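So you can see what is in the structure, the chains are spelled out below.
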Amino acid sequence: MAILLDGKALARKIEIDLADRVLRIAGPNHEPVLATILVGSDPASATYVKMKGMACRRVGLEPRPVFLPEDTTTARLLAEIDALNADPRVHGILLQHPVPAHIDERACFDRIDPAKDVDGVTSLGFGRMAFQLPAFGSATPTGIMTLLREYNIPIEGRHAVVIGRSPILGKPMAAMLLNANATVTICHSKTGNLPDLVRRADIVVGAVGKPRFVRGDWIRSGAVVVDAGSHPGGVGDVDLDAVADRVSAYTPVPGGVGPMTIASLIAQTVSAAEAAG
Ligand code: NAP
């Protein structure tokens with residue numbers, strides 16, 4: 001019987017602990033603040049930002065939503081980030097990915113003060129995390145690692161195959177698994193013989209962005225499946241229905257990786273507020 005890696009339940013548990021921590025640092029009318037920047041009106045991004053704001057409120061943080069129009073320039077967004085960096089009331093900054101294509105997203109991410117980079121998107125944060133120095137990790141892979149550890153999933157010495165190499169998910173995921181002493185294979189759109197590589201995995205992370213892209217017959221019995229994908233109809237990047245009865249553990253969609261991403265963002269915001277004193 002496969003273990004269900006229940007991200008929703010763990011996120012709830014984490015939030016209870018975070019609410020206690022916030023109580024200890026928040027003064028009257030002085031809650032720690034997470035600024036959330038949404039550029040444009042992509043409905044999925046708007047929903048994610050709303051969910052993050054609701055999670056803030058559940059633990060006693062104050063969300064400060066910043067909405068910018070679709071035609072915002074890179075310079076305008078950089079100026080907004082500068083203002084939030086300089087504001088001592090703001091402890092964390094989330095720039096919702098993706099921003100409209102005309103904006104230099106990397107420049108904007110890297111403008112975020114590393115002390116407020118609670119979503120773990122800066123190049124400096126990535127490098128420090130990869131070198132196992134103190135840093136906020138990218139929220140989604142950080143949440144995945146927290147989930148795997150909670151369920152005592154063995155990582156050391158295991159072969160992990162990460163499908164996807166994006167800066168916010170695939171690459172930091174691979175670095176975190178490597179730091180946990182897994183042997184890591186990173187796959188991407190130019191990878192040859194992908195099914196064969198996935199068949200050799202003890203741990204498979206689907207981070208492709210294509211519904212049910214990873215076929216059931218690519219996954220060996222007893223593997224651990226982490227599905228970061230989230231598509232309409234409650235479908236992820238992995239064909240979970242085909243494997244749920246023969247893998248050793250898997251993250252459901254929804255209720256697996258998604259809630260853990262938000263829990264990591266909120267946890268890192270609380271840590272940033274504690275560090276700011
Ligand atoms: P992304 O930036 O679009 O990256 C997708 C990756 O998949 C790229 O590295 C791409 O390779 C690779 N890829 C595309 N087609 C492939 C193919 N045919 N074979 C092998 N690899 C292929 O997406 P992302 O932001 O990393 O997100 C990935 C998924 O995770 C999406 O479903 C997204 O919705 C989900 N996600 C979920 C959360 C959450 O909180 N639950 C958070 C973030 C993302 P190239 O580099 O070669 O193009």
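For the structure, check the block above.
Nothing here was measured: the structure is a model prediction, and the numbers come from that model.

**A few points about the site of the ligand**
- Taken together, 22 residues lie around the ligand, and Arg165, Ser166, Ser189, Ala228 and Thr261 are the ones closest in.
- Within the side chain of Ser166, an N or O atom sits 2.5 Å from an oxygen atom of the ligand.
- Between the ligand and His188 there is a distance of 3.4 Å, counted from a nitrogen atom to a backbone nitrogen or oxygen.
- Burial of the ligand by the surrounding chains reaches 72%, relative to a free accessible area of 920 Å².
- With three residues, the single largest contributor to the shell around the ligand is helix α9 (residues 257-276).
- Taken together, the residues that form the shell around the ligand break down as eight nonpolar, 11 polar and three charged.

**As for the pattern of salt bridges**
- What the rule picks out here adds up to 14 salt bridges.
- Here Lys13 makes a salt bridge to Glu150, at a shortest N to O gap of 2.7 Å. Here Glu150 lies in helix α6 (residues 139-150) and Lys13 lies in helix α1 (residues 7-25), a separation of 137 residues in the sequence.
- By relative accessible area, which is 36% here, Glu150 ends up partly exposed.
- A salt bridge links Arg64 to Asp87; the nearest nitrogen and oxygen atoms lie 2.9 Å apart. Residue Arg64 is located in strand β3 (residues 62-68), and its partner Asp87 is located in the loop between α3 (74-86) and β4 (90-95); the two are separated by 23 residues in the primary sequence.
- Arg64 gets classed as partly exposed once you look at its relative accessible area, which sits at 26%.

Reading the values: the criteria
- Along every chain, residues carry numbers that run from 1 in the direction the sequence is written.
- Reporting of local features is limited, given that this is a predicted model, to residues whose pLDDT is at least 70; pairs of side-chain atoms are given and counted only at 80 or more, and all residues count toward the totals for whole chains, interfaces and linings.
- Side-chain measures were taken over the full set of non-hydrogen atoms in the model, leaving aside hydrogen atoms and water.
- Here, proximity means that at least one heavy atom of the residue falls within 4 Å of the molecule or strand.
- Distance and chemistry together define a polar contact, namely a pair of N or O atoms within 3.5 Å, with one atom able to donate a hydrogen and the other to accept it when in protein, and with adjacent residues in sequence counting only for side-chain atoms on both sides.
- Surface exposure here means Shrake-Rupley accessible area, sampled with a 1.4 Å probe, where a residue is shielded only by the protein chains that are shown.
- Secondary structure is summarised from DSSP: a helix means a run of H or I of at least four residues, a strand means a run of E of at least two, and numbering begins at the N terminus for each.
- Ten residue types, Ala, Val, Leu, Ile, Met, Phe, Trp, Tyr, Cys and Pro, are classed as nonpolar, four, Asp, Glu, Lys and Arg, as charged, and the remainder, Gly among them, as polar.
- Salt bridges are identified by distance alone: a Lys or Arg side-chain nitrogen within 4 Å of an Asp or Glu carboxyl oxygen.
- Whether a residue is buried, partly exposed or exposed follows from its accessible area with a 1.4 Å probe, protein chains only, as a fraction of its type maximum: under 20%, in between, or over 50%, in that order.

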